[in-house]
Amino acid sequence: MEYTTVGVVGAGVMGVGVAQNLAQTGHRVVLVDINDEVLDGARRELRTSLRAYAMFNRGAGIDQADIFDKIEFTTDYELLAKADFVVENVTEDWNIKKEVYERIDRIVRPDVIFAVNTSAISITRVGSATSRPERVVGMHFMNPVPMKPMVEVIRGYHTTEETLDAARRFLAELGKECVVVQDVPGFVSNRVLMLTINEAAFLVQDGVAPAADVDRIFKTCFDHKMGPLETADLIGLDTILKSVEVLYESFNDDKYRPAPLLKKMVAAGLHGRKSGEGFHKYR
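A quick note: this is a predicted structure, and the numbers were derived from the prediction, not measured.

(A) Seen up close, the overall build of the protein chain. Secondary structure assignment for the protein chain yields 11 helices and 8 strands. For 283 residues, the compact-globule formula gives about 19 Å, and the C-alpha radius of gyration of the protein chain, at 19 Å, lands near that figure. Across the 283 residues that make up the protein chain, the buried fraction comes to 48%. A sequence separation of at least 24 residues applies to 67% of the contacts in the protein chain between residues at least 6 apart. Put simply, the protein chain shows about 13,600 Å² of open surface, and 50% of that area lies on carbon and sulfur atoms.

(B) Summary view of the side chain of asparagine 89. By the secondary structure assignment, asparagine 89 is in the loop between β4 (85-88) and α4 (94-107). By relative accessible area, which is 11% here, asparagine 89 ends up buried. A polar contact of 3.2 Å, which involves the side chain of asparagine 89, links it to the backbone oxygen of valine 87. Excluding anything up to four places from it in sequence, asparagine 89 contacts Val8, Val9, Gly10, Met14, Gly15, Val18 and Asn117.

(C) Region of the structure containing the nonpolar core. Within the largest apolar cluster, 35 residues are counted, with the highest numbers of intra-cluster contacts made by Leu31, Ile71, Phe85, Met139, Phe141 and Phe170. Apart from residues lying up to four places away in sequence, leucine 31 is in contact with Val8, Gly10, Ala11, Gly15, Ala19, Leu39, Ala42, Ile71, Glu72, Phe73 and Thr74. Listed in part, the 27 residues of the second largest apolar core include Trp94, Ile104, Ile154 and Phe187.

(D) Structural context of the layout of surface pockets. Its boundaries defined by the atoms lining it, the second largest pocket holds a volume of some 290 Å³. Surrounding the second largest pocket, 14 residues form its lining, Trp94, Ile121, Arg125, Val246 and Glu249 being those nearest its centre. Only α4 and α10 (237-251) provide two or more residues apiece to the lining of the second largest pocket. Looking at the lining of the second largest pocket, the element that brings in the most residues is α10, giving 5 residues. Class assignment for the residues of the lining of the second largest pocket results in 5 nonpolar, 3 polar and 6 charged.

About the cut-offs
- Residues numbered from 1 in each chain as written.
- Predicted model: local features only at pLDDT ≥ 70, side-chain atom pairs only at ≥ 80, totals over all residues.
- Heavy atoms only, no water.
- Helix = DSSP H or I, 4+ residues; strand = E, 2+ residues; numbered from the N terminus.
- Rg over C-alpha atoms; globule rule 2.2 N^0.38 Å.
- Buried < 20%, exposed > 50% of the residue type's maximum accessible area, 1.4 Å probe, protein only.
- Contact = heavy atoms within 4.5 Å.
- Areas by Shrake-Rupley, 256 points an atom, 1.4 Å probe, with all protein chains shown as cover.
- Polar contact = N/O pair within 3.5 Å; in protein donor to acceptor, adjacent residues only side chain to side chain.
- Core = buried A, V, L, I, M, F, W, Y, C linked by side-chain atoms within 4.5 Å.
- 1 Å grid on protein atoms, 1.4 Å probe; cavity = no way out; pocket = protein on both sides within 12 Å on 5 of 7 lines; lining within 4 Å.
- Points joined across faces, edges and corners; volume = space filled by probe spheres on them.
- Nonpolar A, V, L, I, M, F, W, Y, C, P; charged D, E, K, R; others polar.

Next up, the structure:
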């Protein structure tokens, strides 16, 4: 194994998923977030995710104690000094990301690669906040991370071939393949997906069809496993809104204008599965 210890910054749903995948493939993980309350939530999320993984992968032989033993939950960013690779998963807010990268750039060894797990923010822009832009690469994981075999890798302006090769080796250690795309806002997946979700929200807002019927059409007519609004609930409507806003700001194109219903739901705290209600209700 080339990357023994991996730093994971951000202990939300995506960060926990990355940490779980790493631990399941034998890596040591330093999982960092801002306070103990967030980390306690991450532990609960990890237990839930491990149960779901075991349910969908019967016979996988998941040892929860071993997984937890491999993950160090901490608020101490200084522990990232021992990382051989770093995956960042903080919220889709440039000001927060910029501050995080300026902080970890001073702590992590200069030869270590930073993988930006983002939905829409420019990898080139992230690289500009560090002293190692050639070692910054986009790594857009899909949710749930341990169960998705493909990762969208994004090449920033300064990202070198050596960094891309290292990213491929890192993902191979996690049992994943990748597709390399260029650095434009939203890349491939979210430039299409966010438009689809946003337009689906407009359909509900305009009374064309309720959320359940919008999703049913996509699942039954196009054989999608999930409809666009179920997908939005899984990702988190707050994350969806931020991603659409980044696309709107980046392209200055009205087709990315966030649906007022989406903005209203986020303001009301209806963030999807993680809050118990979004376009659909959850226990």
